[in-house]
Amino acid sequence: MLVLTASAFAGGWFVARQSQMQVPVPATAAVARTPAAAEVTDGAGKDSLGKPGAAAVAVPAAPSVLPAAVLGALPKDGGLKNQAAILQYASSLDQAAARSLVMSFEGKGYPGDKKTGQLYEAAFARWAELDPEGVIRAARTTGDMRFRWSATAAAFDVLSRRDPDLAWKRAGEMGVTKDDAQRAVIYSLSSHDPAAAFALASKVDSPRGQWALSSVMHAWAERDPAGAAAATAQLPIGQMRTRALNGLMERWAVSDYGAASAWASSLKSPQERASAMSSALASLSQVDPEKSLSLIDATDLGNGRYNVINNAIGALALRDFDSAMARAATFTNFSDKTSAFSALAESASDEDRTKLLKLAETLPANLARSIYQGNIWERMYSDPKGLAEFVEKIPLVSVREEAMKMAAGNLGYYQPEAAAELFGKLQTTSQTADTAGSIAGRLAQTNPEKALAWAQQLGTEALRKSALSAAIQAWAATEPEKAGQEIAKIASADTRAEVARSVAATMAGRSLAEAERWVETLTGADRSAALGKVVEQAARQTPERVEALYSSFASALSPEMAARSENQAVARTVASQLAQTDAARASSWALSLPEGGARDEAVSGVVTAWAGYDAHAASEWLHEVPAGKGRDLAAGNLVNTIARDDPESAWAWATSIEDSARRREAAATALAGWKANGNREAAQAALDAGGFSEEDYRELARKLE
């Protein structure tokens with residue numbers, strides 16, 4: 001008998017298998033085998049679709065037959081009869097054929113069409129029936145996460161039906177797939193022994209185990225809500241009990257709200273009572289919205305009141321929108337009304353939306369906002385072309401501006417030209433650099449010239465910089481040389497450099513070699529800015545080449561460019577990355593740099609990285625570094641790393657810093673280390689002997705209060 005879960009047939013690969021059902025091959029089914037195919041017929045001579053006199057559906061039975069041949073024999077809209085044919089075919093496979101069919105799916109992701117998904121799950125179930133350990137081996141060795149879950153679920157469903165205790169023990173031996181295996185056992189047991197599933201789920205101390213427990217409670221509450229409630233009450237208060245409680249109430253409230261609410265009201269914890277009643281009413285609101293709404297004022301729901309009203313009005317709206325709209329208007333407080341109006345906006349058809357917008361025109365702005373904003377989200381997916389026109393017609397100025405801002409930000413993904421037009425109509429205070437960049441990047445994917453023209457006419461340098469960066473990044477993915485030429489046309493030197501860095505960083509993240517080639521098409525300061533980002537990426541990807549790349553970068557900098565902090569920071573990034581794998585090489589390289597800001601940053605970068613895994617060695621090396629800004633920066637970084645574990649050494653390094661502001665800052669960090677360790681007396685004694693000025697002493701003493 002081939003056993004499949006309902007959720008598996010629905011096509012979900014990581015879906016909680018909540019309600020499991022057995023789908024046996026009919027006893028009257030006859031499988032006529034030929035070398036080429038098996039004709040699927042029933043005992044009355046009908047084909048698998050039940051059509052009298054029709055030709056039987058030829059379902060290939062040879063193990064070597066590909067899934068496409070099996071599915072091709074089935075009509076497109078066969079429905080349940082297709083499922084029966086697929087199950088019958090799968091049940092006819094021997095172990096080798098089932099394994100071959102299953103393995104043909106590995107690495108291809110979950111099937112996109114329904115029939116293939118059904119065959120996928122049926123083949124797993126059949127192989128697991130015949131060879132559960134073979135399926136487990138496949139699950140443990142695959143890199144395909146969807147395949148792994150399907151294999152694990154099928155194998156442990158079979159094992160748990162045969163011997164739950166042995167299946168649970170086997171699941172505990174699954175290593176990195178232990179969590180999946182345990183959940184598979186729990187889901188399987190929940191269909192026929194929810195009490196046993198509950199006992200196992202209660203032992204799993206993980207978020208996924210808690211999700212499984214919620215599913216178990218659904219199944220148990222359907223069979224024996226009183227027993228499920230008694231078991232839930234025995235759990236210790238905490239996240240696990242909350243999950244069980246909510247799962248129980250969601251199902252129990254639908255079948256017997258009176259009993260469920262009476263039990264929930266008996267809970268001692270006010271928080272649990274509110275949570276339980278909220279879950280119960282939220283569930284009830286989907287099947288009996290009027291009843292749930294009649295109960296909300298007499299029920300302490302806390303913040304759960306919003307969900308109940310939203311669910312109930314949404315359910316009413318699907319049945320009778322006019323009645324739901326009238327019911328929404330009866331709420332008296334602002335929070336309830338906004339919940340109800342939001343639900344109406346989410347449930348409205350095109351015809352209903354017209355009625356709702358007319359209602360919005362009669363409401364004050366604070367209530368109308370929920371209707372207009374709800375329409376934005378719905379139109380974003382159902383009518384993106386009409387969205388821009390809709391928001392511009394909103395009569396309330398304050399709501400219209402807010403709605404236009406939302407629409408411009410989200411519409412850029414689907415209709416960038418419309419988004420760009422809306423963006424231009426926003427007040428300057430509503431125009432953000434992030435939104436400008438998003439619109440320009442999307443627009444550039446289809447029309448880079450138009451994206452650049454739009455970006456260049458934006459009103460502020462910040463907006464232009466963000467939009468130009470995004471547009472040229474998108475262009476560089478297909479025509480890097482033209483993208484570089486466009487950078488050269490940007491009037492502002494700062495914007496040019498920022499755009500060059502941004503594009504180079506994106507390209508280097510995709511391909512360092514591609515980024516290097518692109519940088520060579522640039523000149524002057526643009527090339528230096530872009531090359532700096534390539535050097536930083538090289539420090540992460542190919543450290544053996546980074547010193548030569550850095551030399552090329554640094555040699556092309558003018559004295560003015562070399563003094564800029566962003567260029568000096570490149571040396572720190574390189575030194576830090578080198579120190580992660582070869583501290584001796586990194587420290588030698590840092591000290592080989594010419595005196596100046598880049599060398600100071602490099603020394604700081606070496607110590608920052610080195611101290612993270614060998615603070616003693618980093619400290620020993622720092623003793624050899626000549627006094628100056630670089631040593632001060634590095635000493636401050638060292639103090640930050642060791643202050644909690646070794647405040648005495650941190651204090652010694654802090655007081656060795658020459659720069660007074662940095663010395664005071666590092667000293668405060670060292671004192672905080674002593675204080676955190678409960679040794680305030682040692683900290684005070686060190687401060688008293690520290691030789692700080694009166695002003696610095698007072699400031700540091702306050703840190704110890």
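Preceding this section is the structure that the text describes.
As a starting point, this report considers the structure included with it. Counting from 1, residues in each chain are numbered in the order their sequence is written. Note on the predicted model: pLDDT of at least 70 is required for a residue's local features to be given, and 80 or more for side-chain atom pairs to be given and counted; whole-chain, interface and lining totals, by contrast, use all residues. Hydrogens and water molecules were not included; the side-chain quantities draw on all heavy atoms of the structure.

### What about the overall build of the protein?
Starting at the N terminus, helices and strands are each numbered in turn, a helix being any DSSP run of H or I of at least four residues and a strand any DSSP run of E of at least two. Counting its secondary structure elements, the protein contains 42 helices and 5 strands. Each residue gets one of three labels from its accessible area relative to the maximum for its type: buried under 20%, exposed over 50%, partly exposed in between, using a 1.4 Å probe on protein chains only. Across the 705 residues in the protein, those meeting the buried criterion constitute 51%. Of the roughly 31900 Å² that the protein leaves accessible, carbon and sulfur atoms contribute 50%. In short, Shrake-Rupley with a 1.4 Å probe defines the accessible areas, and a residue's cover is counted only from the protein chains shown.

### Quick word on the packing of aromatic side chains
Between two aromatic rings, the relevant description is the distance of the centres plus the angle of the planes. Aromatic pairs are defined between Phe, Tyr and Trp rings, using the six-membered ring for Trp, whenever the two ring centres lie within 6.5 Å; interplanar angles under 30 degrees are classed as stacked, those over 60 as edge-to-face, and all others as tilted. If you walk through the whole model with that rule in mind, you get 13 aromatic pairs. Ring geometry for tyrosine 120 against phenylalanine 124: centres 5.1 Å apart, planes inclined by 80°, an arrangement best described as edge-to-face. With tyrosine 120 and phenylalanine 124 both in helix 5 (residues 114-130), this residue pair falls 4 residues apart, about one helical turn. Through successive ring pairs, a cluster of aromatic residues spans Phe105, Tyr120, Phe124 and Phe147. The lysine or arginine in question, arginine 327, covers the ring of phenylalanine 331, its NZ or CZ lying 5.0 Å from the ring centre. Two conditions define a charge sitting above a ring: the NZ of Lys or the CZ of Arg must be within 6 Å of the ring centre, and it must be within 35 degrees of the ring normal.

### Focus on the nonpolar core
The criterion is simple. A nonpolar core is a set of buried Ala, Val, Leu, Ile, Met, Phe, Trp, Tyr and Cys residues joined through side-chain atoms within 4.5 Å. Formed by 219 residues in total, the largest nonpolar core has its most connected members in Phe156, Leu344, Val391, Trp454, Trp518 and Tyr550. In contact with phenylalanine 156, not counting residues within four places along its chain, are Ile136, Ala167, Arg170, Ala171, Met174, Ala181, Ala184 and Val185. Working rule for contacts: check all heavy atoms of both residues, and any pair within 4.5 Å makes them a contact.

### Points about the environment of tryptophan 653
Among the structural elements, tryptophan 653 can be located in helix 39 (residues 647-655). Among the residues examined, tryptophan 653 registers a relative accessible area of 6% and is labelled buried. Residues tryptophan 653 and aspartate 632 lie 21 residues apart in sequence; the distance between their C-alpha atoms is 9.1 Å. Setting aside residues up to four positions removed in sequence, tryptophan 653 forms contacts with Ser619, Leu622, His623, Arg631, Ala635, Leu638, Val639 and Ile642.

### As for helix 23 (residues 397-411)
A helix is expected to span 1.5 Å for every residue after the first. For helix 23, built from 15 residues, the straight-helix expectation of 21 Å at 1.5 Å per residue is met to within 8% by its first-to-last C-alpha distance of 20 Å. Taken together, the buried positions of helix 23 are occupied by Val399, Glu401, Ala403, Met404, Met406, Ala407, Ala408, Gly409 and Leu411.

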